[in-house]
Amino acid sequence: MIRRVFRVLLVILLIAVLCKACLVKDMPDYTSNNSQNSENKQVLINYPAPKNVTINGVDYLQSQAPVGKFGGELISSTIGEGPKTFNPFNSKDNTSSTMAGIMYDGLLTTNPITGQPAPKLAKSYTISPDGKTYTIKLRKGIQWSDGKPITADDVVFTWRDIIFAGMGETSTRDSIVIDGKLPTVRKLDNYTVEFVTPKPFAPFIRMLSTPIAPKHVFMPAIKKGNAYFDSFLSTTTKPADFVTSGAFKLKEYVPAQRVVFERNPNYYEINTKDEKLPYLNKLVYLIVGDLNNEVLKFEAKELDIISLQGSKVARYKSVEPHSDFKLYNLGPDTGTMHLSMNMNNRKDDKGKYYVNPVKQKWFQDKNFRQAVDYAIDRKNMVLNIANGIGEPLFTPESLNSIFLNKNLKSYDKNLNKSRELLKKSGFYTDKKGRLFDKDGNRVEFDLYTNAGNTEREAIGVMVKQDLEELGMKVNFKPVEFNSLVNKLVSTFDWDMVIMGLTGSPLEPNGGKNVWLSDGRLHIFNQRTPAEGKKGILPWEKEIDYYFTQGALATKFENRKKYYDKYQEIVYDEKPFVYIYSPVRIVALRNKFKNIYPSNLGGITHNVEEIYIGDNNGNN
Amino acid sequence: METIKYILKRILQTIPLLIMVSLISFFIIRLSPVDPLAELKLNPSISPETVQKERQRLGLDKPIIVQYGKWAFSFIRGDLGVTSTGEKVSQKLKERIPNTLLLTSIVIFLTWLVGVPLGIIAAVRWKSKTDRILTVLTSIGMAIPSFFFAILLLMFAVKTGWFPIGGLTSPNFADMTFGGKVLDIAYHLVLPVFVLFTISLAGLQRQMRGNMLDVLDSDYVKFARAKGLSENVVIYKHALRNAVNPMITLLGFEFAGLLSGAALTEYVFQYPGLGRLILEAVLKSDINLVMASLMMGAVMLILGNLIADILLIITDPRIRVKS
């Protein structure tokens with residue numbers, strides 16, 4: 001009997017040791033992952049951007065990529081239950097926006113390499129020196145898929161009668177209201193449109209990539225009012241009823257199975273032989289319920305392209321040389337995973353502090369926040385959680401942002417520095433290594449994240465370990481997503497949280513809800529609408545200033561200076577301790593040519609130029 | 001006449017039952033901590049006004065009892081409402097129901113066609129080699145979880161390339177001839193049908209075997225044999241008619257499972273049926289869609305039982321006498 005108990009204990013001990021060994025830094029693993037990483041570095045190929053040409057009075061966009069063969073199809077996938085609508089002005093989710101984006105082009109697009117605005121439906125654009133007037137020249141002679149011309153009337157109609165009028169989903173409208181006023185739009189002649197913003201507002205240029213609607217199709221729907229518009233061009237609309245400007249138009253939608261697009265014969269882009277693009281006949285999106293099924297479908301060759309999760313990359317890498325696909329490293333993702341401390345020092349309606357006053361002192365102490373930052377082993381997390389497919393992160397702007405402040409250096413875990421900083425603020429450790437503050441309170445707090453997100457849960461476990469090396473006691477509590485959001489935006493009763501927010505690599509102004517001191521998602525020091533800017537800290541005030549100025553400035557260089565400043569402050573004050581960004585890896589079949597992977601645009605940003613060649617050859 | 005009266009009575013009884021079901025489901029969904037707006041609230045590019053507008057549109061700013069009243073009122077008028085993304089619930093269900101029915105009715109047809117005879121054979125040849133082999137096979141069928149079996153088969157499909165990885169039709173389905181379409185659907189149905197068939201066959205065969213063994217052991221069968229009737233007449237005329245009664249009740253439950261019984265398998269095979277739709281709806285707390293599916297489940301169950309009872313009246317004279 002005793003022997004049996006002993007054996008069980010031995011097994012438990014063995015498992016515990018194994019687990020510990022897996023979590024703690026694992027040197028051999030590091031080297032193997034590292035070598036794999038280096039051969040899998042992001043490769044940037046120079047993308048020949050399309051140019052404007054005029055042939056017989058028609059202003060075409062001309063692809064500068066090698067001429068390819070016509071025909072064939074590209075089968076991609078979308079996770080979830082598929083699009084909810086095909087109306088670009090009603091879409092509230094990513095899938096719907098992607099589908100609508102394929103069919104409807106905007107005036108401008110983004111150069112996938114430089115991130116600067118590039119012409120699409122517009123031939124050219126100019127911004128007046130005062131930064132308020134945008135003059136857009138349209139292409140002459142280009143047509144909708146039904147043969148009707150695309151003119152200034154369509155543009156004015158889209159902006160005035162759909163977007164400014166608040167039809168459908170209003171987030172575009174919400175983001176361009178400046179001091180309660182909307183920009184104005186005016187037709188100068190059939191092919192010229194002018195936008196005027198009430199104040200200089202640099203982010204407006206990005207808004208011009210909003211799809212343009214065909215007036216002759218949307219006008220009757222608009223007249224029937226908002227309720228009708230909400231169900232206009234839904235998933236039950238016949239594919240033949242779509243009149244589009246994009247490279248592809250809808251051919252078939254089968255609920256929960258697939259969306260099929262076919263080439264738009266009236267598309268305005270041509271190749272250097274003056275043949276109309278796109279090359280592909282069909283673009284198919286399979287609607288796949290979960291990631292595992294997507295992987296199986298790719299392996300069974302039902303899919304041509306797949307985005308890979310960290311854990312799967314190693315296996316795909318090993319089979320890549322003798323397979324028909326190639327892996328592309330697109331560089332760091334836009335996601336910014338971070339650890340945040342609740343710096344709220346205010347009371348609720350009942351006069352009770354949101355955060356325990358003892359803990360408040362720690363979280364409001366810059367030394368404490370920096371000590372936490374130095375104690376976190378980002379490299380180890382990248383290796384063990386993201387399987388080496390990630391980059392440590394130190395800035396609020398994502399690593400692929402064109403506004404990233406490159407002067408802010410990364411550093412490694414440094415426990416000595418952490419201890420030094422804590423000592424400076426009067427923290428001390430007892431003989432058992434437990435950390436106390438200068439008033440003799442044991443440093444103990446809760447760390448939250450949303451349960452079910454395995455990546456964040458794993459980060460939580462490692463953060464807990466790292467901080468316990470400093471003698472802090474961390475109670476790691478994964479809670480249900482909705483309860484966590486409630487804590488963050490309504491009840492404010494949390495100590496420390498691991499969260500991720502999405503951002504744009506092109507436009508930092510989208511983060512104003514997070515960074516402005518009265519923002520709706522200013523979670524590290526959230527104020528209620530009634531509190532306004534109450535108790536604003538000096539550096540919060542500075543961030544407010546740089547954010548407001550950044551939106552007002554018009555030149556990229558000037559804007560960058562303001563946004564560099566705000567990143568410096570965040571880097572120094574650590575309201576958010578950034579952890580890492582995952583790296584995006586995509587596998588694509590070799591038969592597709594004209595592939596120019598880019599961090600900002602992904603791999604199919606030039607889908608109209610992609611064609612199917614023979615299987616050999618590298619590009 | 002008696003039968004019609006009985007049916008009417010049963011239908012009237014279902015009304016309070018449905019009200020109870022709807023009340024309980026509605027309140028449980030609404031009282032769960034799932035906030036349909038949580039995703040929006042955490043998106044930096046969404047303004048507070050938009051969040052507020054969404055709350056009003058979904059009716060979340062009203063007390064639960066008012067929300068329930070609104071739902072119940074439109075439900076009675078036959079309007080199932082719209083999903084949280086603004087699509088018609090009836091439309092969404094209409095898209096999926098035929099697919100699910102196709103799958104489940106094929107499975108039920110096949111299992112009854114094979115399961116009942118196998119049960120009879122096993123009972124008649126009790127403790128023979130055939131019976132033992134069938135017992136082993138059905139035990140495996142009952143023991144293996146459907147989702148696990150489905151995943152195994154999917155991996156088999158990936159390795160061999162003999163079968164498609166889920167779905168119901170191929171991407172070029174629209175361009176096929178009619179015969180090609182039928183073959184394509186049949187090809188996609190092989191694996192999901194096989195999974196569901198194996199699992200429900202096991203239960204059905206065991207049930208039939210058990211019933212038959214009971215009956216074969218009874219006095220009147222012994223008497224029939226003693227009378228010198230041929231074995232075929234004893235089994236198929238006297239024993240089978242009595243053994244089949246419990247199976248009819250079972251058929252009623254099978255009817256209830258027509259729409260909801262295959263959800264797990266549907267999910268693994270990415271089958272475009274109701275299972276995936278409802279799962280997503282529950283995760284997002286899409287109340288109208290979840291309520292519609294729950295009510296549908298309840299109605300199907302009640303209807304299934306009713307049909308089984310009516311069939312019993314027809315097949316079993318004893319019940320007719322009692323009522």
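Residues numbered from 1 in each chain as written. Chains lettered and ligands numbered in written order. Predicted model: local features only at pLDDT ≥ 70, side-chain atom pairs only at ≥ 80, totals over all residues.

A. Just the overall build of chain B, in detail. The secondary structure content of chain B amounts to 15 helices and 0 strands. The principal-axis extents of the C-alpha atoms in chain B amount to approximately 85 × 55 × 40 Å. The long-range fraction of contacts in chain B, counting pairs at least 24 apart against all pairs at least 6 apart in sequence, stands at 72%. (Helix = DSSP H or I, 4+ residues; strand = E, 2+ residues; numbered from the N terminus. Contact = placed C-beta atoms within 7 Å.)

B. Main features of the overall build of chain A. On a plain count of helices and strands, chain A comes out with 19 helices and 26 strands. Here the C-alpha atoms of chain A give a radius of gyration of 27 Å, agreeing with the 25 Å that 2.2 N^0.38 yields for 619 residues. Its C-alpha atoms put chain A at 85 × 60 × 45 Å along the principal axes. Taken across its 619 residues, chain A has 45% of its residues classed as buried. Taking contacts inside chain A between residues at least 6 apart in sequence as the whole, the part at least 24 apart equals 69%. (Rg over C-alpha atoms; globule rule 2.2 N^0.38 Å. Buried ≥ 20, exposed ≤ 12 C-beta atoms within 10 Å, placed from the backbone.)

C. Quick look at the sheet that holds strand β2 (residues 58–62) of chain A. All names here are of chain A. The strand order across the open sheet built from 3 strands is β1-β2-β12, with neighbouring strands paired in mixed fashion. Only two strands of the sheet have a single partner each, and these edge strands are β1 (51–55) and β12 (269–270). Strand direction decides the pairing type here: β2 and β12, joined by 2 bridges, are parallel. Bridging from a neighbouring strand, Gln-62 pairs with Ile-270 of β12. (Pairing = 2+ DSSP bridges.)

D. How the structure looks around the sheet that holds strand β22 (residues 496–501) of chain A. Residue and element names in this part refer to chain A. With mixed pairing, the 5 strands of this open sheet are ordered in space as β21-β20-β22-β16-β23. Whereas interior strands pair on both sides, the edge strands pair on one side only; in this sheet they are β21 (473–479) and β23 (576–578). The average undirected angle you get between the axes of adjacent strands in this sheet is 30°. Here strand β16 (residues 336–341) runs beside β23; their pairing, made up of 3 bridges, is antiparallel. Residue pairing in the sheet places Ser-340 in a bridge with Phe-576 of β23. (Axes fitted to C-alpha atoms, helices over the stretch in contact; angles between N-to-C directions.)

E. Fine view of the interface of chain A and chain B. Residue-level contacts link 43 residues of chain A with 36 residues of chain B. Elements that contribute at least two residues to the side of chain A that touches chain B include exactly α5 (171–175), β10 (248–254), β11 (258–263), β13 (282–288), α9 (291–299), α16 (481–491) and α17 (512–515) of chain A. Looking at the side of chain A that touches chain B, the element that brings in the most residues is α16(A), giving 6 residues. When the residues that make up the side of chain A that touches chain B are grouped by side-chain class, the tally is 15 nonpolar, 16 polar and 12 charged. (Nonpolar A, V, L, I, M, F, W, Y, C, P; charged D, E, K, R; others polar.)

F. Fine view of the pairing of strand β6 (residues 122–127) of chain A. Bridge count between β6(A) and strand β7 (residues 133–138) of chain A: 5 bridges; the pairing is antiparallel. Along β7(A), the bridge assignment pairs A:Ser124 with A:Lys137.

G. Broad picture of the pairing of β7(A). Residue and element names in this part refer to chain A. Between the antiparallel neighbours β6 and β7 lie 5 residues, among them Gly-131 with a positive phi of about 75°. Of the strand pairs in this sheet, β7 and strand β9 (residues 192–196) are connected by 5 bridges, and their pairing is antiparallel. Among the inter-strand pairings, Thr-135 is bridged to a residue of β9, identified as Glu-194.

H. Main features of unusual backbone geometry. Cis rather than trans, the peptide bond between A:Leu277 and A:Pro278 has omega equal to 0°. Checked against the element boundaries, A:Pro278 lands in the loop between β12 and β13.

I. Seen up close, the packing of helix α4 (residues 152–164) of chain A against helix α7 (residues 215–223) of chain A. All names here are of chain A. Across the interface, α4 lies against α7 with an axial gap of 10 Å and an inter-helix angle of 25°. Judged on the interaxial angle alone, α7 and α4 are roughly parallel. You can see that α4 and α7 cross each other, and the crossing is left-handed. When α4 is examined against α7, the residues Asp-153, Asp-154, Phe-157, Asp-161 and Ile-162 are found in contact with a partner set consisting of Lys-215, Phe-218, Met-219 and Ile-222. Classifying every residue of the contact of α4 with α7 gives 5 nonpolar, no polar and 4 charged. (Parallel < 35°, antiparallel > 145°, perpendicular 65-115°, else oblique. Left-handed = near helix turned anticlockwise from the far one by under 90°.)

J. Looking closely at the packing of helix α8 (residues 178–216) of chain B against helix α10 (residues 231–243) of chain B. All names here are of chain B. Following both chains from N to C, one finds α8 and α10 inclined at 125°, their axes separated by 9 Å at the closest point. Here α8 is positioned oblique relative to α10, judged by the angle of their axes. Between α8 and α10 lies a crossing whose hand is right-handed. Here Asn-211, Met-212, Val-215 and Leu-216 of α8 lie close against α10, whose contacting residues are Ala-239, Asn-242 and Ala-243. Across the contact of α8 with α10, the residue classes break down as 5 nonpolar, 2 polar and no charged.

K. Layout of the environment of A:Val177. Looking at the element boundaries, A:Val177 is found in the loop between α5 and β8 (184–189). On a C-alpha basis, the gap between A:Val177 and A:Lys473 in space is 46 Å, while along the polypeptide they are 296 residues apart.

L. Quick peek at the confidence of the model for chain A. All names here are of chain A. The predicted model of chain A has a mean per-residue pLDDT of 87, with 94% of residues at 70 or higher. The secondary structure element of chain A with the lowest average pLDDT is helix α2 (residues 27–39), at 39, and the one with the highest is β9, at 95. Here residues 23–39 scores under 50 on pLDDT; set against residues more than four positions off or in separate chains, the count is 12 contacts. (pLDDT = per-residue confidence, 0-100.)

M. Region of the structure containing the environment of A:Lys432. Residues and elements named next belong to chain A. Its place among the elements puts Lys-432 in the loop between β18 (428–429) and β19 (435–436). On the basis of neighbour counts, which here come to 6 C-beta atoms within 10 Å, the residue Lys-432 falls in the exposed class. With 56 residues separating them along the chain, Lys-432 and Ile-376 place their C-alpha atoms 21 Å apart.

N. Region of the structure containing the environment of B:Ile7. Residues and elements named next belong to chain B. One can find Ile-7 in helix α1 (residues 2–31). Assessed through the 14 C-beta atoms surrounding it within 10 Å, Ile-7 is described here as partly exposed. With 170 residues separating them in the primary sequence, Ile-7 and Thr-177 have C-alpha atoms 46 Å apart.

O. Geometry of the nonpolar core. Counting 205 residues, the largest nonpolar core has A:Leu138 and A:Ile579 as the members making the most contacts within it. When neighbours within four sequence positions are excluded, A:Leu138 is seen to be in contact with A:Leu121, A:Ala122, A:Lys123, A:Ile150, A:Thr151, A:Ala152, A:Val155, A:Tyr191 and A:Val193. (Core = buried A, V, L, I, M, F, W, Y, C linked by C-beta atoms within 7 Å.)

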